[in-house]
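Summary of the model geometry
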Amino acid sequence: MEKIKLETSKTGSELVLETLKNLSVDTIFGYPGGAVLPLYDAIYSFEGIRHILGRHEQGCVHEAEGYAKSTGKIGVAVVTSGPGATNAITGIADAMSDSVPLLVFTGQVAKAGIGKDAFQEADIVGITTPITKYNYQVRETAEIPRIITEAIHIATTGRPGPVVIDLPKDVSALETDFIYDSKLHLPSYQPTIEPNELQIKKIIKQISKAKKPVLLSGGGISYAGAAAELVAFAERYQIPVVTTLLGQGTIATDHPLFLGMGGMHGSFAANIAMTEADFMISIGCRFDDRLTGNPKTFAKNAKVAHIDIDPAEIGKIISVDIPIVGDAKKALQMLLNEEQVHNNTSKWIEKVTQDKERVRSYDKKERVVQPQAVIERVGELTKGDAIVVTDVGQHQMWAAQYYPYKNERQLVTSGGLGTMGFGVPAAIGAKIANPDKEVVLFVGDGGYQMTNQEMAILNIYKIPIKVIMLNNHSLGMVRQWQEAFYDGRTSESVFETLPDFQLMAQAYGVKSYKFDDPETIVQDLEVLKEDIPMFIEVDISRKEHVLPMVPAGKSNHEMLGVKFHA
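- Under an unreviewed UniProt entry, the name given to the protein is Acetolactate synthase, and the organism recorded is Streptococcus sanguinis.
- Under the UniProt heading Catalytic activity (unreviewed entry), the entry covering the protein gives this text: "2 pyruvate + H(+) = (2S)-2-acetolactate + CO2".

Okay, structure coming up:
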């Protein structure tokens, strides 16, 4: 490994910051502690990278996730050793589930103390091995530039994911007068980007035969920036489109070929189309259980083409007839470059459109504020252009169902891990990354109580997010399952008492509102037009369920709660 002589000696911490800056990192989310004191001492006088001081390590990592999910750029977090590092675990696992490009620096005790139960020591390399794409422990100061360069390359290429760099305190404090060459040389890591041309031709051939094709758009479309190609392909062959939760925004919700989100809380039209299809083209989707329901009956009448950047996902859940490993954007470009074949889906389009039109959305009661109506109104006020962040639970599904998405990377949510507490910090990260875009957060009263301490930084860093808490005085999704499948025994899912959220907002210096009148809610929500940090509490029905719903283990056509027009 080639050594490069430095003009002046540098500490490990200086090398960390200089390397990050050279690799176009402009923001770090972090929380200091003993093991990272040398790094924070370097941050004190370093220019060119903004540091955001969160209020909890989990919050810092979710902030980095919000930054990364909304932009596609690497999100960077710094935490200290021991409990600082273990507090970051949830965010790292969340990023692994949702393929988020993330770099997390964990402080570590000095090398001499490693493995000796030193103060605030934890084996973070061992702990994070199952929930990272890769991890490192730096053993020599001169290796820092090479390791960071590799880590960012691994985190952002192929299927994105989190990488952890464990940084012993002495390694970050020591000076070095040379560094190792950071030129990338990773022979064992060569992700396949170019799809196989023969397999692409098989898809085109099958399109010419299919009478009931459906396109399934996953988060991989959004991550690859392939929404325009997806829509062009769907329009060319008149193929209806179903999205996953993370695929929302890859086709506009008002597009005539869009059938809705599929799966457990998907639309009737989407789930029936997947059930009846004779050819399914899945792109950037991993066929998780929330989408497929019973995998034995999922798309049982269809030949399946599966395009994914990660070969491990192909055939893992659903048997595949045309497997293609590669980048979603490149695959769609190749499909569009193929000579167009004749196909006729007019009867199929007519049928799925009728399925879409025959369903009533929700009962528009007037005695309580309907959460669906709140989300629709926010969609109107933001013209469907806001970055929508959610926490996890009923409000998350309502936001997926009722906001009028237009753009990829527009929905920032915790999909695979389903992390309560994701919302507030992720919205902060998204707004910091996109200062010129409106960022609206939908959060429940349960998730809000997990990470609301991050509200403390809204005014400090001038982060005008709009926090809309849909308050049903319960862990709504848990309560829904208990009411539906446990004979209504709401064991520990209803909050008998709650904090005064208005006073909490005031304590953080954030302007707050509380609305509960269904007759005035349309006008009430116009306060969103103010460009300031804002907390809006909306009291909603304590009995409202997210519908339709596919019970766990059932097939997608076995939906509960579908309401049809008379």
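Additional details are given in the paragraphs that follow.
1. Comments concerning the overall build of the protein
- What the protein contains, in helices and strands, is 22 helices and 22 strands.
- Within the protein, the proportion of its 566 residues that are buried is 58%.
- Between the averaged position of the 56 positive side-chain charges in the protein and that of its 69 negative side-chain charges there is a distance of 5 Å.

2. With respect to the packing of helix H9 (residues 197-209) against helix H14 (residues 328-337)
- Look at H9 against H14: their axes get within 10 Å of each other, and the N-to-C directions meet at 60 degrees. One element, H9, and the other, H14, form an angle in the oblique class. As H9 packs across H14, the resulting crossing turns out to be right-handed. Contact residues: H9 offers Glu-197, Ile-200, Ile-203 and Ile-204, while H14 offers Ala-331, Met-334 and Leu-335.
- Looking at the contact of H9 with H14 residue by residue, the class counts come to six nonpolar, no polar and one charged.

3. Notes on the domain arrangement of the protein
- Domains assigned within the protein are domain 1 (1-178), domain 2 (195-353) and domain 3 (369-537).
- Spacing between the C-alpha centres of domain 2 and domain 3 amounts to 31 Å.
- In this complex, domain 2 contributes 17 residues to the contact, which on the side of domain 3 involves 18 residues.
- Summing the contributions of domain 2 and of domain 3, the shared interface buries around 1,400 Å²; its carbon and sulfur component is 59%.

4. Some words on the packing of helix H3 (residues 57-71) against helix H5 (residues 89-97)
- The contact between H3 and H5 brings their axes to 7 Å, and the two run at 25 degrees. Considering the angle they form, H3 stands roughly parallel to H5. Here Gln-58, Val-61, His-62 and Glu-65 of H3 lie close against H5, whose contacting residues are Thr-90, Gly-91, Ile-92, Asp-94 and Ala-95.
- The residue inventory of the contact of H3 with H5, partitioned by class, reads three nonpolar, four polar and two charged.

Analysis parameters
- Residues numbered from 1 in each chain as written.
- Predicted model: local features only at pLDDT ≥ 70, side-chain atom pairs only at ≥ 80, totals over all residues.
- Heavy atoms only, no water.
- UniProt positions renumbered as here; feature names shortened; annotations may be inferred.
- Helix = DSSP H or I, 4+ residues; strand = E, 2+ residues; numbered from the N terminus.
- Buried < 20%, exposed > 50% of the residue type's maximum accessible area, 1.4 Å probe, protein only.
- Lys, Arg positive; Asp, Glu negative; His and termini not counted.
- Charge placed at Lys NZ, Arg CZ, Asp CG, Glu CD.
- Axes fitted to C-alpha atoms, helices over the stretch in contact; angles between N-to-C directions.
- Parallel < 35°, antiparallel > 145°, perpendicular 65-115°, else oblique.
- Left-handed = near helix turned anticlockwise from the far one by under 90°.
- Contact = heavy atoms within 4.5 Å.
- Nonpolar A, V, L, I, M, F, W, Y, C, P; charged D, E, K, R; others polar.
- Domains from an automatic or database assignment.
- Buried area = accessible area lost by both parts, 1.4 Å probe.

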